Amino acid sequence: MEIMEIEKLFGGIYKNKVCLITGHTGFKGSWLARWLTKMGAIVIGYSLKPDNEPNHFELLNENYTSITGNIKDLANLNKIFNKYKPEIVFHLAAQALVRYSYENPIETFQTNVLGTMNIYEATRNSNSVKAIVNITSDKCYENKEWIWGYRENDPMGGHDPYSASKGCSELLTASYQKSFFNTDNILLASARAGNVIGGGDWAIDRLVPDMVKAASNNNEVFIRSPYATRPWQHVLEPLSGYLNLGWKLLKGEKTFADGWNFGPDQDNNISVLDLTKNSKVLWNKINYTVDKNLANHHEANLLMLDCSKANKILKWKPVWDIKQTLEKTIGWYKSFYQNSIINTDNDLQEYIQSAKDKSLLWTGSI
Ligand SMILES: NC(=O)c1ccc[n+]([C@@H]2O[C@H](COP(=O)([O-])OP(=O)(O)OC[C@H]3O[C@@H](n4cnc5c(N)ncnc54)[C@H](O)[C@@H]3O)[C@@H](O)[C@H]2O)c1
């Protein structure tokens, strides 16, 4: 795809925009930074050092400004906001692991709630930021284990510390929207996505990374909660949602300064066991054993998002179904482990092409 063509996505809003991404060394942040860089944005990343080896951020070998810093450190955030003058902030930095949150609840709440508040305070102390997209999770909702998808106006909740911290981040966001930002003309939206998969994730205790790491070492993966269903989606799907939101907020459209679900179509809600079996079809080195003893902490069994609001108002729609999502995901790891090839740019191009074929608004092809 021509550079000129990719720069025109999202109405061309990101070309030469200073975009601060927190969490750029993580799975989703590294993909977002790549996409924004390709669109001509001036990316500033702010995160802790990557703590997995290998990791997608280092493999991509980017040359945008990458700052190692903690979101718990407001003084440092103030300095960075003042120095780089971001116009938009994509806030992804978080302690993002459910099981780790049981062992480290204080760190989880401090990072995910107080860290988010620091991002908002640094924004209030700056005079450059016009828009913030805060990334939470489908787990922010009070889980009722029912068959319907959660809507944006359902109550917040969360059983485990990670989920509750994301519910708290949403309540904090609602307070800042009402108390400060909307009156200051800084537009703040929050985005709740489902279980994200795709190449380049090596976080611990996540199904796909555990599966491919085991496969690469000729081991089998132990899966817990085999019958739990999740709204699986490729990492580029929620990212297209975040970029859509950023586009609208930067244009000053206040209706979008709200909460948004970005999940897959209902057919993508398959069980952990089915996802594992389908992955094995794509890469026969994947082997697994169901180990119910591993399910020693509570995890939701049934979790779906209702994305009617994003579909109708933002005109956002998922692009790939579960089959394509898994093909791209497992394909990425197979290329990496077998041929040392990083398929990120290729996947991004194909995703944009598939979105164009579907005439999605953000591609400018309607
Ligand atoms: N991966 C998923 O399936 C998923 C689903 C829904 C929501 N989310 C949310 O999306 C966001 C990104 O998730 P991910 O999967 O890329 O996570 P990740 O664990 O791969 O990356 C987390 C990032 O946050 C940074 N970070 C953590 N604590 C920090 C701190 N105190 N100060 C500065 N940076 C810090 C890390 O350095 C890293 O860059 C998170 O907010 C997560 O809760 C993820």
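For the structure, see preceding data.
The following refers to the structure shown.

Reading the values: the criteria
Residues numbered from 1 in each chain as written. Predicted model: local features only at pLDDT ≥ 70, side-chain atom pairs only at ≥ 80, totals over all residues. Helix = DSSP H or I, 4+ residues; strand = E, 2+ residues; numbered from the N terminus. Rg over C-alpha atoms; globule rule 2.2 N^0.38 Å. Buried ≥ 20, exposed ≤ 12 C-beta atoms within 10 Å, placed from the backbone. Axes fitted to C-alpha atoms, helices over the stretch in contact; angles between N-to-C directions. Parallel < 35°, antiparallel > 145°, perpendicular 65-115°, else oblique. Left-handed = near helix turned anticlockwise from the far one by under 90°. Contact = placed C-beta atoms within 7 Å. Nonpolar A, V, L, I, M, F, W, Y, C, P; charged D, E, K, R; others polar. Near = placed C-beta within 6 Å.

**Describing the overall build of the chain**
Now for step 1: For the chain, the helix and strand inventory stands at 13 helices and twelve strands.
Now for step 2: Since a compact globule built from 366 residues should have a radius of gyration of about 21 Å, the 19 Å found for the chain is in line with a globular shape.
Now for step 3: By principal-axis analysis of the C-alpha atoms, the chain measures approximately 55 × 45 × 40 Å.
Now for step 4: Classification of the 366 residues of the chain by burial places 48% in the buried group.

**A look at the packing of helix H2 (residues 27–38) against helix H9 (residues 236–250)**
The axes of two packed helices give the description: the angle between them and the distance between them.
Now for step 1: At their nearest, the axes of H2 and H9 sit 10 Å apart, and the two run at 60° to each other. When the axes of H2 and H9 are compared, the pair comes out oblique. At the point where H2 passes H9, the crossing takes the right-handed sense. Contacts between H2 and H9 involve Lys 28, Trp 31, Leu 32 and Trp 35 from the first element and Leu 236, Leu 239 and Tyr 242 from the second.
Now for step 2: When grouped by side-chain class, the residues that make up the contact of H2 with H9 number six nonpolar, no polar and one charged.

**Things to note about the site of the ligand**
Now for step 1: Close to the ligand lie 25 residues, the nearest being Gly 23, Gly 26, Leu 48, Ala 93 and Ala 94.
Now for step 2: The set of elements that each furnish at least two residues to the shell around the ligand consists of H2, helix H6 (105–125) and strand E7 (195–197).
Now for step 3: For the shell around the ligand, the element with the highest residue contribution is H2, accounting for three residues.
Now for step 4: Its residues assigned to classes, the shell around the ligand shows eleven nonpolar, twelve polar and two charged.

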